[in-house]
There are 2 protein chains.
Amino acid sequence: MVNQSGKPIIFSSDMTRNFRSFFAFILMSYLLISCNTTSNNSTLVETIIEFNEAVANAKPGDAIILKNGIWEDSELLFAAEGTDEKPITLRAETPGKVFIEGVSSLKFGGNYLVVDGLHFRNGYSPTEAVVEFRVDDNNIANHCTFTNSVIEDFNKMQRDDSDLWVLFRGRHNTMSNCYIEGKTNRGPTVRVDIAGRESINNYHQIINNHFGPRPTKGGASGETIQIGDSYTSMSPSYTMVANNLFEKCNGEVEIISSKTNFNEFRNNVFYQSEGSLVTRHGNYVTIDGNYFIGDGVNENYGGIRIINTGHTVTNNYFYSIIGKNFRSPLAVMNGIPKSPLNRYNQVTDLVVAYNTYINCASPWQFGVGSNISQKDVLPLSEIRSARPIRSLVANNIIYNENGDPSPIIEHDEADGVTFKSNVINNHGLAFKAYDGLENLDFQVQEIAPYIFMPSETLKIKAYQGFGFDEFSKDIFGNSRKNDTSIGASVNPAAKDPMILDKTKYGTNWYSNEVEANDPTTHTVSNADELRIKINEAENGDIIKLKAGNYAIETSLQIHKRLNILSDDKLNTILTYSGAENTALFELHPKGFLNLKSVVLKGNSSQYAFSSINKNMFTHFGLTVLDCAISDFNYALKVYKESFAERITFQDTAISDCTNGLELSEETDDKGDYNTEYLTIKNCDFSNVNRNVIDYYRGGYDESTIGGNLLVTNSNFTNCGGKEETGILINTRGIINVAISENTFKDNPVKLVALLWGAKNNSHSNNQITNSGEIKVEENLKLKLMY
Amino acid sequence: MVNQSGKPIIFSSDMTRNFRSFFAFILMSYLLISCNTTSNNSTLVETIIEFNEAVANAKPGDAIILKNGIWEDSELLFAAEGTDEKPITLRAETPGKVFIEGVSSLKFGGNYLVVDGLHFRNGYSPTEAVVEFRVDDNNIANHCTFTNSVIEDFNKMQRDDSDLWVLFRGRHNTMSNCYIEGKTNRGPTVRVDIAGRESINNYHQIINNHFGPRPTKGGASGETIQIGDSYTSMSPSYTMVANNLFEKCNGEVEIISSKTNFNEFRNNVFYQSEGSLVTRHGNYVTIDGNYFIGDGVNENYGGIRIINTGHTVTNNYFYSIIGKNFRSPLAVMNGIPKSPLNRYNQVTDLVVAYNTYINCASPWQFGVGSNISQKDVLPLSEIRSARPIRSLVANNIIYNENGDPSPIIEHDEADGVTFKSNVINNHGLAFKAYDGLENLDFQVQEIAPYIFMPSETLKIKAYQGFGFDEFSKDIFGNSRKNDTSIGASVNPAAKDPMILDKTKYGTNWYSNEVEANDPTTHTVSNADELRIKINEAENGDIIKLKAGNYAIETSLQIHKRLNILSDDKLNTILTYSGAENTALFELHPKGFLNLKSVVLKGNSSQYAFSSINKNMFTHFGLTVLDCAISDFNYALKVYKESFAERITFQDTAISDCTNGLELSEETDDKGDYNTEYLTIKNCDFSNVNRNVIDYYRGGYDESTIGGNLLVTNSNFTNCGGKEETGILINTRGIINVAISENTFKDNPVKLVALLWGAKNNSHSNNQITNSGEIKVEENLKLKLMY
């Protein structure tokens, strides 16, 4: 986005203080430049050849206009030389009507270039990035802008085929007002690369974007923004990430992974996003005026996690964030003494000031990641025993309407942290006293949805620490001069910051808010009709099976969200006669199947359900309710690089199968796994020979928090007879496992399960007869990932 | 040093370009402020009580004047508040006539304070520093200046009693025009501490100082300047070290150890200094316009050693530097992959441009410190296998009048280094060709002592790399605009930079150039006369012993530089009857004894020579020529924490002693040892039972390069019979050992010596009869020091 003189807008913190006027300004600027360019050379291009020619001839001030329509397999190489006053613009004829599809990408090379109004969809990049601020190492972009564009579901065909959607190189480049959604393959969505002198001190701007859903990746390397890496973590970056909305950015535990120095994160909104803003490497980062909005239910919504030296966390607002440990509202980690470059440096010189925490659970956690107890199973270079030092927590407000028994958690002693002029209203609930955290009765008022600020001036006056004069404004941009208020806002705060007004973020032409259609119900009575309706149905439709026998000869492919069900389970029987090792229901990317009240029968050589074993470029999902599955080779086979956020079997019988539910192909041990939530409720397993439940995650990485296995109220009988591991339920490497209220009877195995005590593995109230036992090992030896 | 408005002078690179006018400016400024302050309150103080009162009452613009004389045991606590326009000054009544002695120190606390004209001598600090820019953690100095002062031999009483002479904390503090000499105890001379937000981005200035001799320490922690440490190596420092003369700064292998970010080293002169300027930790350091002057003989004079990311080495001049490996003119190290914080990060993004190397040996060395071959004896976290990457060497000139067979040495492949537009005149001698290093015939002219620059414009034009526009001036401050010269100066360079004009550095009242007195020769004929003359003699005098028997009953204490000799060795016999375990010659701090042509005899229970075993606060030295030593417990006993740069025995017989030469008490294994050079030439050892030669250094630290043992042309007969180690010559941990041309006969030991093959240990042409053998072990297992 550029202003009327053609110059990219440089974000300053003042601008963000008033979102609305800023956005109006941007819109106006946009219109003005649209007019302006008519006085320069403006070329409409229709083919890639015309495009290349126009680029080759482009002069400062020129505009190259992509004709509306689909640009298939288009590698847009935008290498030209604009000027500060007269950038060269590449824009859509109509913003949002130019679709970049197929094997396509955009590369900037040169100076002062603007790309505006494109929509990337139905395709993927041939290279390491969809949009790249570099043609090659000899032609790096500077002062270039990617704006008002969309990248949607532009995944490579395999999860492990890593890429980025936007790769920053060079200096002074901008990504603004874009909407980004649906990355599921390996690799951060946006990455700032600062390797090389050309890319340090870059002052890039990532501003006013709407980062829409990035689904859980099921393993590492699913950040939404990553700035640098450990190998460049000593370099100055000065990247500004401001005024963005992060919505459902769930890719992994880090939404933003800051790995270089002097970055700034200002006035961003983290909403329904399962992760944290993390200063993973690098130092002296500013985190100011951001909003972390939770719901008091989902423990995966996180806050700010701090590693390394010299960060300031000021004027941030946390609402109903109940994440624990790594995901706590403020997680200050322990470091490794003399840490290796790629591990955890000690936290020093941290300042946490003027933040407000409303209804958060244990908002301040120190010594997070302390693993001194694991020193016998981990190498010394993995032991995080270095506590934060020279750190200050001052002028913060905690308000908890239900009271919080432990507003501060010390995973290791917080003896290097000084508390000054902090206040908590804990509504009378007792908690451990700290010097510098005063218990005070005060009221808060709701000034906007999710936003509560004190309705009165508190009697505690702000502490003036070293350098606090730099914290001259509050979260809304109000001056703190001559004001002694603590917390994120000066008192009284009354203005609605409109943080969830989506018109403030992303493009001026695309909305991710779609009206829900009422689903259509299709009734079918034989196999052919079923297959036809599966093809014809719209996303979310219902296919109702009349009672009867359905003789299915080849796989039913699921490419969309479908509900398939009957009223009469016992008499609605799908008999599968397809080839060996094919699946009755084959789940393709975006195939989400809810199956209810049917009987599935095979001939013992096939699969009841499977993902596809190649090009599973995005997620699937499966819910099986009230079904009976028998005589298959596998009840469920999930192939490598397939991922479902949820797989649920409930009220279902699985019997006479060679294998049960198998999700154990991610044996590269890079921390990946195949489903976030595998849920088995009220099911019966009988005569399943092996892989009864086999759910695997390999590779030790302390910061990955998944997957989740729940097995409850289920019966396992005569299962596991051919299980080579001797374990009935294999959960190796899965972080969260709960096995409860089940009955295990006559299963010829050594162990029902081998649980990982140091993680969140538990078992309770199981009845075990003639089936071995459940064993808990405190520390599993795993392959280190780095 | 301040200017006429009372503001400290801030160093800018322009200023240094013309030393003379800069110095004149400073002098003028000094006079002006002296006049100026008369208009303010000026208080002459005579006692510490008056001083404290004056400080307590000091107002901006005031001057506190220390009365001339000796200030004994004075802890000067200068805590006050000046202003930018009106600093508060503490100065000598007459510069150089105020001596701070005894247990004394100076601490600054507050803002805008200047200390001027003091002379610290004959004492030591009671705390961790002599001069400290901090009273305590709550009163740190900012904008304070220590100027025009001397610190001389202000060592703590024991070598291991560590301190600093100047400790920087806070911000914007200056040390200027000081003269510093004689630190021998543990600890850098000057240290900038940047732990804590108060001390980062400090912009300290260390300018126009004369760093006089810092003798070899004999182990680590003998830097002249250290900026930060590995624990703060991620922090921005911005310390400026400019326009200083380093003369005989030999303390250890690092003269300057830069351990933080963004420091600048400009226009300094390194003269006769055994060490290097090292970017030990931290990144993005500027090393510009410095002079490294060697003599083509001493291999200990070093240049610039590079570790870490992003340094620029520009416009530097190297003359006759023949140091090898760590001490080479440009030593670019290998790093440890993912290095621990306190070890060796990889070199990346280095730029070496516009430097000139005249008559240097193998000036460019890459992969220095590569120790891949030691991977079996060192832990993986010690293996330096990460080669420099993304590095550029451009526009440099090498001139070698004798030709250099290997101007570039690749200890490991330099495949991450690009060479552009470099030129060498190797006078026809063949060397390995490199792209980007052109062999060219050109002339140089001597424009000043040690300074040779091309006398013609070279046909190679400077390469313009990324960011090279920042290298806008040459070593003399001439503009590079519109000039394509390579090397340190634009052509033609004609002006004498007067780098060794000592009036440009240090104080305006102290000179370290003392006229050599002609030594007096005192003739003595009996023990009493000898003792009296030893006391009376001046430094450097000669005491001549007439032939005869000298019955010495108590130790002769040597506190100065003395030559004791006779004309008639066989008839000049010193018979020692002193107590058990006392020494005939007891060497005290500053005791340097040259003994020649005498016979020394004991009663088998005493020592012929020893250091003192406590308070050996500075060095001693010993040369024994043409003597005969017999019937002692020890021929030489050197106690822990004693150090001599040189100990030499030549043409001397040592016989019938229980122990020979013992220098093996530094068993803390911190890398310390007791003499730099132990030389045994043309000597006879017979009937010495143990510790025949025992010279020890413990603790593995790859960057320490000493000590040095030479044993040559000597005979060892019937020695080592009671040696517990079974080794005749013990050299464990000594880096440089040469044993050659000796005869070993009938020594009942297992080994003559056990040498360290990986280091510089050698043996040749020895005749060994009935005395075991000389064994070489490639890698000694040593205790790691960190």
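No experiment lies behind these values; they were computed from the predicted model shown.

Novice: Could you clarify how one ought to interpret the overall build of chain A in this entry?
Specialist: Scanning chain A from terminus to terminus reveals four helices and 70 strands. For 786 residues, the compact-globule formula gives about 28 Å, and the C-alpha radius of gyration of chain A, at 28 Å, lands near that figure. Principal-axis analysis of the C-alpha atoms places the extent of chain A at approximately 75 × 70 × 45 Å. Per-residue burial for chain A yields a buried fraction of 56% across its 786 residues. Long-range pairs, those at least 24 residues apart, make up 75% of the contacts in chain A between residues at least 6 apart in sequence.

Novice: Help me understand the relation of the copies chain A and chain B, please; the structure alone is not making it clear to me.
Specialist: A rotation about an axis combined with a shift along that same axis relates the two copies of the chain. Take chain A, turn it by 179°, move it 0.2 Å along the axis, and it overlays chain B with an RMSD of 0.2 Å. What we have between these two chains is a two-fold relation. Of the C-alpha atoms belonging to chain A, the one lying closest to the rotation axis is found on proline 340 of chain A, 1.9 Å away. Most of the interface of chain A is mirrored in chain B, where 100% of its interface residues again form contacts.

Novice: It is not clear to me how the pairing of strand 51 (residues 583-587) of chain B should be interpreted in this structure. Could you clarify?
Specialist: A regular strand carries its side chains on alternate faces of the sheet. All names here are of chain B. Burial analysis of strand 51 places five of its five residues in the buried class, which makes it a mostly covered element. Relative to strand 51, strand 48 (residues 556-558) runs parallel, the two being bridged by three bridges. When the bridges of strand 51 are listed, glutamine 557 appears paired with glutamate 586. The pairing of strand 51 with strand 54 (residues 607-611) spans four bridges and is parallel. Pairing of glutamate 586 across the sheet is with serine 610, part of strand 54.

Novice: What is the right way to look at the domain arrangement of chain A in this model?
Specialist: The extent of an interface is frequently quoted as the accessible surface area lost upon association of the parts. The assigned domain composition of chain A is domain 1 (1-248), domain 2 (283-488), domain 3 (519-639) and domain 4 (664-786). Summarising the inter-unit geometry, the C-alpha centres of domain 2 of chain A and domain 4 of chain A are found 36 Å apart.

Novice: I'm lost on the sheet that holds strand 62 (residues 708-712) of chain B in this one. Help?
Specialist: Across a sheet, strands are paired by hydrogen bonds formed along the backbone, either parallel or antiparallel in direction. Residues and elements named next belong to chain B. Spatial strand order, 45-46-49-52-55-58-60-62-65-68: 10 strands in an open sheet with parallel pairing. With partners counted over all chains shown, the strands left at the sheet margins are strand 45 (521-524) and strand 68 (760-764), one partner each. Taking each pair of neighbouring strands and ignoring which way they run, the sheet shows an average axis angle of 10°. Pairing geometry for strand 60 (residues 675-681) and strand 62, over five bridges, is parallel. Looking at strand 62, one finds that tyrosine 677 is bridged to asparagine 708.

Novice: Can you help me understand the environment of isoleucine 180 of chain B in this one?
Specialist: Residues and elements named next belong to chain B. Relative to the helices and strands, isoleucine 180 is located in strand 17 (residues 179-181). Remark: the alpha-carbon pair of isoleucine 180 and alanine 579, spanning 399 residues in sequence, is separated by 40 Å. Not counting the four nearest positions on each side in its chain, isoleucine 180 is found in contact with Ile151, Trp165, Thr189, Asn209, Phe211 and Gly212.

Novice: When you look at the sheet that holds strand 65 (residues 736-740) of chain A in this model, what are you seeing that I'm missing?
Specialist: Residues and elements named next belong to chain A. Ordered by their spatial adjacency, 10 strands build an open sheet running 45-46-49-52-55-58-60-62-65-68, and the pairing between neighbours is parallel. This sheet does not close on itself; its edge strands, each paired only once, are strand 45 (521-524) and strand 68 (760-764). Strand-to-strand twist in this sheet, taken as the mean axis angle between neighbours without regard to direction, amounts to 10°. In this sheet, strand 46 (residues 542-545) lies alongside strand 45 in parallel orientation, the contact comprising four bridges. Bridge pairing in strand 46 links valine 524 to leucine 545.

Novice: I keep staring at the pairing of strand 24 (residues 254-258) of chain A and nothing clicks. Help me out?
Specialist: All names here are of chain A. Of all five residues that make up strand 24, five are buried, and the element is covered over most of its length. Bridge count between strand 21 (residues 225-227) and strand 24: three bridges; the pairing is parallel. Following the sheet pairing, isoleucine 225 is matched in strand 24 by isoleucine 256.

Novice: What should I look at first to understand unusual backbone geometry in this one?
Specialist: Most peptide bonds adopt trans geometry, and most residues besides glycine take a negative phi value. Residue and element names in this part refer to chain B. Of note in the backbone geometry, asparagine 243 takes a positive phi value of approximately 60° without being a glycine. Looking at the secondary structure, you find asparagine 243 in the loop between strand 22 (240-242) and strand 23 (245-247). Asparagine 243 gets classed as buried once you count the C-beta atoms within 10 Å, which come to 28. Of note, the phi angle at asparagine 687 is positive, near 55°, even though the residue is not glycine. Checked against the element boundaries, asparagine 687 lands in strand 61 (residues 684-695).

Novice: Which parts of the structure should I look at to understand the confidence of the model for chain A?
Specialist: Residues shown with low pLDDT carry predicted positions that ought not to be read at fine detail. All names here are of chain A. Overall, the prediction assigns chain A a mean pLDDT of 93, with 94% of residues at 70 or greater. Counted against residues more than four places away or in other chains, residues 1-9, with its pLDDT under 50, gives 35 contacts. For this predicted complex, the interface confidence comes out at an ipTM of 0.91, alongside a pTM of 0.93.

Definitions and limits used
- Residues numbered from 1 in each chain as written.
- Chains lettered and ligands numbered in written order.
- Predicted model: local features only at pLDDT ≥ 70, side-chain atom pairs only at ≥ 80, totals over all residues.
- Helix = DSSP H or I, 4+ residues; strand = E, 2+ residues; numbered from the N terminus.
- Rg over C-alpha atoms; globule rule 2.2 N^0.38 Å.
- Buried ≥ 20, exposed ≤ 12 C-beta atoms within 10 Å, placed from the backbone.
- Contact = placed C-beta atoms within 7 Å.
- Least-squares fit on C-alpha atoms with pLDDT ≥ 70 in both.
- Pairing = 2+ DSSP bridges.
- Domains from an automatic or database assignment.
- Axes fitted to C-alpha atoms, helices over the stretch in contact; angles between N-to-C directions.
- pLDDT = per-residue confidence, 0-100.

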